[in-house]
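Below are the chains, spelled out letter by letter.
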Amino acid sequence: FFSAKSILIQCEKERKMLLIIKKKKKLPKIPTFYAHCTLDTKGKVLRVLVSIGKLVLLLGFLYMFICSLDLLSSAFQLVGGKTAGDIFQDNSVLSNPLAGLVIGVLVTLLVQSSSTSSSIVVSMVSSGLLTVQLAVPIIMGTNIGTSVTNTLVAMTQAGDRSTFRRAFAGATVHDFFNWLSVLVLLPLEVATGYLYMVTKLIIDSFNIQSGEAPDLLNVITDVLTESVIELDETVLGGIATGDPAARNKSLIRKWCQSFTNTTLMNVTLCIFHVSKGKHLFVDVDLPDLAVGLILLALSLLVLCSCLILIVKLLNSMLKGQVAAVIKTILNHDFPFPFGWVTGYIAILVGAGMTFIVQSSSVFTSAITPLVGIGVISIERAYPLSLGSNIGTTTTAILAAMASPGDTLANALQIALVHFLFNISGILLWYPIPVTRLPIRLAKGLGNITATYRWFAAVYIICCFFLLPLFVFSLSLAGWQVLVGVGAPLLIILIIIIVINMLQKCKPGCLPAKLRSWDFLPLWAHSLAPWDGVVGVINSKCCCCCKCCQVAAEDPEHQEKESVENNKKTHTEVYDNPAMSAEKEVENEIKIELNILKMTRL
C-alpha cells in the first residue's frame, strides 16, 4: 500500500513539473512518437520534392556566393591594385622585416587575394628585384591579410546575438592563429633564418621538375565571372617589377590571345589569334577605379544576399533530428584511444576542400555560417581553418612549379616558405590542447562582440588597418623611432596581460590595489561607457534608434530582458538553439513515458 502511494505521489509531482515547464517556456504541444508516420504517399512525395528543391537552391546560392567572392577580389584589384604594385617597388622599405610584414597585410587587403599578392612577390623574386630572405615577412603578411574575408562575412550575421557570437568567434579563430604564429615565427626568422634555411635545404635536396597548376573549381566559376569582368594579371606584376609601360595600361582585359599548333610539311607552326573580350565591361569607357567601385557594390550586394539566403535555407534544412545527426557526425571524436586523430583528419579535410576550391577565403567564409547556426562547433572549425591554410599553400606550390626553369627554384622556395610557416604554426598552436589559445581568445572576443556588436567593426578596423598603418609609419621613420616608440608600448601591453592573468589565477600574489582595475576610470577598463556613447550617436543618426532606446529604458522591457537572460544561462551559448529546443522536447517526452510506466504499474 505504501509503495503504491509513493508511486502515485511521484507521478503527481512529475505531472505538475511538466505543466510548469510547458507554461514557462510556452512550448508547442509535443507530437506523438509516431506522428511522422501519418503522412500519406502524396505528402511524402511532396516532402522529398521540397527537400530536393531546397538542396538545389542551396547549391545555386553557394555557387553565386563563391563567384561573388571572386568578383570582390577583382573589384579590389581594380580599386587598389596599382597602389599595391607601387608599394612593392620600394626595396629600401622592404628590408625592414616589420615593414615587409605590414606591406603583405595591406596589399592582401587591397586585392583581397593572398594568391594574387603572393604571385606579385614570386614575380619580384624571379626577376631579381627581391631576395627570398626579404620576401619571407611579406608572405607572412599575406597569410594574415587573407583572414579578413571570413571576418567580414561573419559581420552579416549580426542580427541575432547568439548566431553572431558563434559566427564571429568561428571567423576570428583563424585571425588569432595567424597573428600568434607571426608573433612567434617572425622574431625566430629574423634571428635564425629558420624558414629560409629549411626551404633552401629542401630545394637543394630534390630534383624538382616544372609542371602546371591545376584548374579545379575555376573551370566552373570562370564561366560566370569571366562573363562579368576579365583582368590582365600581368599588369600588376609589371608595375611591381618597375615596367614603365605597365603603369599606363588598364587592368581590364580588352583583347584575348589564343594560339593553335599547326603541322605543315613536318614543321610545327604556332599561330596566334587575337580576339576581343566578351565580358560586360569590354566596351565601357570608364577608368579602372569607377569599374572597380561598381563591381565592389555589385559583389557585396550579391555576397550578402546569398549569405542571408544560405543561412535561412540551412536553418530550415538542418533542424531537429537532421541537425542532431549532422552535428554528431561533424563534431564527434573517434572512440578512445583514437580521439586525438579526429582533429588531424579535420585538418586534412580542410586542406583537401581548400585545394578543390583553390581559395582559403572561400572555404573559411563558407563554413562561417555553419558555425553561426551551431552545426559546426568552434573546436571543429579550428582544425578545418588550419587545414585551409595548408590547402592554399599547396595550390601556390603547384603554381610555382609552372615557372620557367631558371626561376623555378626561387619561386618554389617562396611557396615552400608559406607552406612551412603554416605547418610550424600548427605545431605551435594545435597538438597540445593547452596551447590552443586561438579557440579561447576567439570565444572571448565572440562574447564581447555579442554584447557590444559595434566592437566587431572596431576590431576589424584596428587589427587590419590602423595597427598595420601605425607600424608601417614607424618603419618608414627608421629603426630608432620604431624601437623607441614600439618597445615601451609592447612592454606596457605585456605587463597588462600578466596582471590580467594573475588577477584570474592567483590574485593573492598582487598588491590589493592591483587585484582589480576599479582604481582606473570606468571608461578605461569597461566597454559600457563607450556603449552609451555609441548608443547616443546612433540615436542622433536614426529616429528608429530613439524608439529602440525608449523601449530599452522601459522598466517592463528591462525586466523582460532580465528574465530571458536568466532562462538562457542554463544553455550553452555556442550550441544550436534549434537543437537545444529539440533536446528539451525529448526530455519532456521521457518524463511523460516515465509517468505512463508508473501509472501502468
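Residues numbered from 1 in each chain as written. Predicted model: local features only at pLDDT ≥ 70, side-chain atom pairs only at ≥ 80, totals over all residues. Heavy atoms only, no water.

Draft legend 1. Spotlight on the overall build of the chain. Across its full length, the chain carries 26 helices and two strands. Counting all 601 residues of the chain, 38% fall into the buried class. Put simply, the chain shows about 33,200 Å² of open surface, and 68% of that area lies on carbon and sulfur atoms. (Helix = DSSP H or I, 4+ residues; strand = E, 2+ residues; numbered from the N terminus. Buried < 20%, exposed > 50% of the residue type's maximum accessible area, 1.4 Å probe, protein only. Areas by Shrake-Rupley, 256 points an atom, 1.4 Å probe, with all protein chains shown as cover.)

Draft legend 2. Summary view of the side chain of Asn143. Mapped onto the secondary structure, Asn143 falls in helix 6 (residues 132–145). Engagement of the side chain of Asn143 in a polar contact is seen with the side chain of His418, the distance being 2.7 Å. Beyond its immediate sequence surroundings of up to four residues, Asn143 is in contact with Asn178, Asn389, His418, Phe421 and Asn422. (Polar contact = N/O pair within 3.5 Å; in protein donor to acceptor, adjacent residues only side chain to side chain. Contact = heavy atoms within 4.5 Å.)

Draft legend 3. Fine view of the pattern of salt bridges. One pass over the structure, following the stated rule, counts one salt bridge. Where Glu379 meets Lys443, a salt bridge forms, and the shortest distance between an N and an O atom there is 2.5 Å. You can see Glu379 sitting in helix 17 (residues 378–400) and its partner Lys443 sitting in helix 19 (residues 437–451), a full 64 residues away along the chain. (Salt bridge = Lys/Arg side-chain N within 4 Å of Asp/Glu carboxyl O.)

Draft legend 4. Region of interest: the packing of aromatic side chains. Summed over the entire model, instances satisfying the criterion amount to eleven aromatic pairs. Taking 6.1 Å as the distance between ring centres and 75° as the angle between the ring planes, the aromatic pair formed by Trp340 and Tyr344 counts as edge-to-face. On the accessibility criterion, Trp340 (59% relative accessible area) is exposed. Assessed through its relative accessible area of 30%, Tyr344 is described here as partly exposed. Chaining the aromatic ring pairs together yields one cluster made of Phe164, Phe168, Phe176, Tyr459 and Phe464. (Phe/Tyr/Trp six-rings, centres within 6.5 Å; stacked < 30°, edge-to-face > 60°.)

Draft legend 5. View of the nonpolar core. Judged by nonpolar contacts, the single largest core of 43 residues is most densely connected at Met140 and Tyr382. Counting residues per element, this core draws most heavily on helix 8 (residues 161–192), at twelve residues. Among residues more than four places away in sequence, those in contact with Tyr382 are Val173, Phe177, Trp429, Tyr430, Arg436, Pro438 and Ile439. Leu72, Ala75, Ile252 and Leu307 belong to the second largest nonpolar core, which has 28 residues in total. (Core = buried A, V, L, I, M, F, W, Y, C linked by side-chain atoms within 4.5 Å.)

Draft legend 6. Region of interest: the UniProt feature "transmembrane region" (unreviewed entry) in the chain. As recorded in UniProt, the feature "transmembrane region" (unreviewed entry) lies at residues 48–72, 93–114, 176–197, 289–314, 334–356, 411–430, 451–471 and 477–499. Across residues 48–72, helical content stands at 100% and strand content at 0%; the span's end C-alpha atoms are separated by 36 Å. Here residues 477–499 is 96% helix and 0% strand, with 32 Å between the C-alpha atoms at its ends. (UniProt positions renumbered as here; feature names shortened; annotations may be inferred.)

Draft legend 7. Up close: a nonpolar patch on the surface. A surface patch of nonpolar side chains, amounting to about 700 Å² of accessible area, comprises Phe334, Phe338, Trp340, Ile345, Val349, Met353 and Ile356. Residue position: Ile345 is located in helix 15 (residues 341–357). Ile345 gets classed as partly exposed once you look at its relative accessible area, which sits at 35%. (Patch = residues over 30% accessible without salt bridge, like charges linked within 9 Å, V, L, I, M, F, W, Y side chains within 5 Å.)

Draft legend 8. How the structure looks around the packing of helix 7 (residues 148–155) against helix 20 (residues 454–477). Where helix 7 meets helix 20, the axes come as close as 11 Å, and the angle between the chain directions of the two elements is 165°. As the angle between them shows, helix 7 and helix 20 are arranged roughly antiparallel. For the crossing formed where helix 7 meets helix 20, the hand is left-handed. Contacts between helix 7 and helix 20 involve Val148, Thr151, Leu152 and Met155 from the former and Ala456, Ala457, Tyr459, Ile460 and Phe464 from the latter. (Axes fitted to C-alpha atoms, helices over the stretch in contact; angles between N-to-C directions. Parallel < 35°, antiparallel > 145°, perpendicular 65-115°, else oblique. Left-handed = near helix turned anticlockwise from the far one by under 90°.)

Draft legend 9. Examining helix 16 (residues 360–372) more closely. With 13 residues, helix 16 should reach 18 Å at 1.5 Å per residue; the first-to-last C-alpha distance of 18 Å fits that figure. Here helix 16 lies mainly inside the structure; eleven of its 13 residues are buried. If you check which residues of helix 16 are buried, you get Ser360, Ser361, Val362, Phe363, Thr364, Ser365, Ile367, Thr368, Pro369, Val371 and Gly372. Residue Gly374 follows helix 16 closely and has a positive phi angle near 90°. (Expected span 1.5 Å × (residues − 1).)

Draft legend 10. Broad picture of helix 19. If you check helix 19, its first and last C-alpha atoms are 22 Å apart, about what 15 residues at 1.5 Å a residue would give, namely 21 Å. All of the buried residues along helix 19 are Pro438, Ile439, Ala442, Leu445, Gly446, Thr449 and Ala450. Projected down its long axis, helix 19 shows its buried positions confined to an angular sector of 135°, all on one face. (Arc of directions from axis to C-beta.)

Draft legend 11. Representation of the packing of helix 8 against helix 18 (residues 408–429) within the structure. The geometry of helix 8 relative to helix 18 is characterised by a closest axis approach of 10 Å and an angle of 100° between their N-to-C directions. Between helix 8 and helix 18, the angle is such that the two are roughly perpendicular. Contacts between helix 8 and helix 18 involve Phe177, Leu180, Ser181, Val182, Val184 and Leu185 from the first element and Phe421, Asn422, Ser424, Gly425, Ile426, Leu428 and Trp429 from the second. A breakdown of the residues in the contact of helix 8 with helix 18 according to their chemical character gives nine nonpolar, four polar and no charged. (Nonpolar A, V, L, I, M, F, W, Y, C, P; charged D, E, K, R; others polar.)

Draft legend 12. Spotlight on the environment of Leu408. Among the structural elements, Leu408 can be located in helix 18. Taking the relative accessible area as the measure of exposure, Leu408 reaches 8% and is therefore buried. For the pair Leu408 and Ile203, spaced 205 residues apart in sequence, the C-alpha to C-alpha distance is 9.8 Å.

Draft legend 13. Structural context of the confidence of the model for the chain. On average, the chain scores 74 in pLDDT, and the residues at 70 or more come to 65%. Counting interchain partners and residues more than four positions distant, the pLDDT-below-50 stretch residues 25–37 has ten contacts. Within the model, pLDDT remains below 50 along residues 544–572, and this stretch shows nine contacts once partners closer than five positions in the same chain are excluded. (pLDDT = per-residue confidence, 0-100.)

Draft legend 14. Quick peek at the state of the cysteines. Under the counting rule described, the total for this entry stands at zero disulfides. Note on Cys463: no disulfide assigned, nearest cysteine sulfur contributed by Cys462 at a separation of 6.7 Å. Cys463 sits in the partly exposed class, given a relative accessible area of 22%. (Disulfide = S-S within 2.5 Å.)

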